Amino acid sequence: QVQLVESGGGLVQAGGSLRLSCAASGSIFSDNAMGWYRQAPGKQREFVAAIVRGGTRNYADSVKGRFTISRDNTKNTVYLQMNSLNPEDTAVYYCAAGALMASIPRVDAWGRGTLVTVSS
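Predicted model, so just to flag it, every value in this text is computed and none were measured.

Student: Would you mind going over the packing of aromatic side chains with me for this structure?
Tutor: The way to describe two aromatic rings as a pair is by their centre distance and the angle between their planes. Under the counting rule described, the total for this entry stands at three aromatic pairs. Their ring planes at 80 degrees and their centres at 5.6 Å tell us that Tyr37 and Phe47 sit as a pair that is edge-to-face. Here Tyr37 is found in strand S4 (residues 33-39), whereas its partner Phe47 is found in strand S5 (residues 46-51), with ten residues between them in sequence. Note on Tyr94 and Trp110: the rings are 6.2 Å apart at their centroids and 85 degrees apart in plane angle, and the pair reads as edge-to-face. With Tyr94 in strand S9 (residues 91-99) and Trp110 in strand S10 (residues 106-110), the pair connects residues that are 16 residues apart, well separated along the chain. Assessed through its relative accessible area of 37%, Trp110 is described here as partly exposed. Among the aromatic residues, those joined into a ring-pair cluster are Tyr37, Phe47, Tyr94 and Trp110. Seen from the ring of Tyr94, Arg45 lies directly overhead, with NZ or CZ sitting 3.7 Å from the centre. Stacked on the ring of Phe29, the Lys or Arg Arg71 has its end atom at 4.2 Å from the ring centre.

Rules behind the numbers
Residues numbered from 1 in each chain as written. Predicted model: local features only at pLDDT ≥ 70, side-chain atom pairs only at ≥ 80, totals over all residues. Heavy atoms only, no water. Phe/Tyr/Trp six-rings, centres within 6.5 Å; stacked < 30°, edge-to-face > 60°. Helix = DSSP H or I, 4+ residues; strand = E, 2+ residues; numbered from the N terminus. Buried < 20%, exposed > 50% of the residue type's maximum accessible area, 1.4 Å probe, protein only. Lys NZ or Arg CZ within 6 Å of the ring centre and 35° of its normal.

Laid out in structure tokens, this is it:
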């Protein structure tokens, strides 16, 4: 059974930092790109960042230069280091696995999400 479990969300002041983690079970971690999406209140879920096993990364324009995605293939874990946070980053952050780098991305598994709240 595929399982993605996020951790690391919380409340932070604007300008602060948080690191999210996502532990994956099963073969989905080794077989797929891993990444993060987010959904702010009243908005659609949007792509944040993705990384393939070999290390190639992709970021949404809104987070480039502030967020860094990484993965530890020995721990089946993907991370999202978030710096210079602003209130617009407030959202539920979801871990995802699948063909996230494809021209038409496909998500095969979702985590349950972790809430990030950035106060002004």
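From this point, the narrative continues.
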